[in-house]
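Chain residues, written in single-letter form:
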Amino acid sequence: MMDRATQSALAQGDPREEAGVPAPAVVTPGDIRYGELVVGYNRRWVGTPESVRLAASTAQVADVVREAVATGKRLAVRSGGHCYADFVTGPETQVLLDVSNLNQVYYDPARRAFCVGAGTQLGRIYETLYRTWGVTIPGGICLTVGIAGHTSGGGFGLLTRKYGSVVDHLEAVEVVVVDAGGSVRTVIASRDPEDPDHDLWWAITGGGGGTFGVVTRFWFRSPDAEGSDPAQLLPRPPASVLVEPAGVPWQALDEDKFRTLIKNFSTWHERNSAPGDAGTALASILFARPKSGMGVGTLTQVDATVPGARELLADFGAAVTAGTGITMAMPPREVSWLASTKFVGGGTLLYDPTLRSAVKSAWMRRAFTDEQLGAVYRNLQRDDYPNPLGVFQLMSMGGKLNAVASEATAMPHRDSVLYAEFETFWTEAADDEVNLAWLRDLYADTFAATGGYPVPGEIVDGTNINNPDPDIVDPALNRSGVDWSTLYFGANYPRLQQVKARWDPTDFFRHSQSVRLPG
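The model shown is predicted, which means the values in this text are computed figures rather than measured ones.

A. Focus on the pattern of salt bridges. Overall, the coordinates contain 31 salt bridges when judged by the stated rule. Measuring nitrogen to oxygen at the nearest pair gives 3.0 Å for the salt bridge that ties Lys360 to Asp469. Of this pair, Lys360 sits in strand β14 (residues 356-364) while Asp469 is found in the loop between α13 (432-446) and α14 (484-489), placing the two residues 109 residues apart along the sequence. Per residue, the accessibility class of Lys360 equals that of Asp469, and both read buried. Note that Asp504 is salt-bridged to Lys500, the shortest N-O span being 2.7 Å. One exposure class covers both Asp504 and Lys500, and it is buried.

In structure tokens, the structure reads:
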């Protein structure tokens, strides 16, 4: 463990970060940049802050926070801008702190870890880590997502089954915090349980963004990594992967075949998701769109370097379609892993800056019941919802993700085999209600037996703070009787509240679903 003097020196700012950084920018209404900066990738949430501050170093971040404290301004922080709720650009935000210029990625020999600025997007991280050292982190597929929000909610992607979540590789984090007297300071908290600030590190590993302070830098190193060779300190992705798209139109599906496909997909994951299982070399995304859309499809990726990779892919496809009489698969493409990040991630709708969107989610411990899949099918087949951009989606989980205890990180969802998303995208504000109504119906009908939300139990394990749902705090819509904090954080929430009390005792960093102070 580093001594406190070294910790303090590092927290003053790495010379590599401070040298040559641009001056902090202040953007106010009337500036041509203002309209671009007050909206993220979801046009449902457009803010009207008094100013947007673009900080390019830890010291600049601390200055912005210090000014907001002194003037009593409500501050919110944005990294990549991919938020499904009003956490950042809500009506109460007066100062929007944008950290997108904190985007350096470099190897830090003092910590034997890779330092990543809080504003760095996933695509840049993948490119830099892989091209320079041949390593990566097991993050998400959308390349423009910012690392700060992604990590603060846990972080996962197509390599998670093999390598765990992003936070499983988090060695340390730098955070600008505000104490009870309003003093602003910078702290580095580490994975080391002997670190007196370890609890802050723990809270960042899944407690959600905008709650404890402003994260400015992350250091990544796998917990079992030894030595000081950077090429050995994070997972090495496959040299190449097999990527196979597959699909079947609605014309070839009835309800029985639909339910069989989804149950087959889910059952395969129940049987092939133990940590270390050979099946964890494969990860897949299944998506089903409304009847005006394409039908049901999958996008599957397999490590092409493992023995029997093509057989694993073929057996998976056969298992998914068993008993349906349907052939879905197309010839797989073998591409480099880095190329696959662009191939898989390039089609995401979150690259379109004109869209509005909403999402709901569920961690799946087992397959949906027939009744639940019947509810999904009925809502996808509705004649009164013509939007082809709605989607019911399942993503492979399990594997190494489940090798970590639920209390080891703030993200508690460590015994799931699938992750389910219920999502829709649209363009016009006039269409908000029809799209939100369809999404609410789809979700509420699926979880009708537990009050419209995925209450932790035999089949499900709550929902995901990184896909925040504004409806979750509304008792008229969340009729489960289970608080949003339990659905997001499970049994870890009381501990998160204690960390909140220590590190943000005045509740300076807050939004509509931030961790609450105890009491």
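B. Main features of empty space enclosed by the protein. Counted under the stated rule, the structure contains three cavities of 30 Å³ or more. Of the pockets and cavities examined, the largest cavity occupies roughly 120 Å³. If you tally residues by element for the lining of the largest cavity, the top one is helix α11 (residues 337-345), at five residues. A breakdown of the residues in the lining of the largest cavity according to their chemical character gives nine nonpolar, seven polar and no charged. There is about 70 Å³ of room inside the second largest cavity. Elements that contribute at least two residues to the lining of the second largest cavity include exactly β11 (282-288) and β12 (296-303). For the lining of the second largest cavity, a count of residues per class yields eight nonpolar, two polar and two charged.

The rules behind these values
- Residues numbered from 1 in each chain as written.
- Predicted model: local features only at pLDDT ≥ 70, side-chain atom pairs only at ≥ 80, totals over all residues.
- Heavy atoms only, no water.
- Salt bridge = Lys/Arg side-chain N within 4 Å of Asp/Glu carboxyl O.
- Helix = DSSP H or I, 4+ residues; strand = E, 2+ residues; numbered from the N terminus.
- Buried < 20%, exposed > 50% of the residue type's maximum accessible area, 1.4 Å probe, protein only.
- 1 Å grid on protein atoms, 1.4 Å probe; cavity = no way out; pocket = protein on both sides within 12 Å on 5 of 7 lines; lining within 4 Å.
- Points joined across faces, edges and corners; volume = space filled by probe spheres on them.
- Nonpolar A, V, L, I, M, F, W, Y, C, P; charged D, E, K, R; others polar.

Don't take any of this as a statement about function, it's just geometry.
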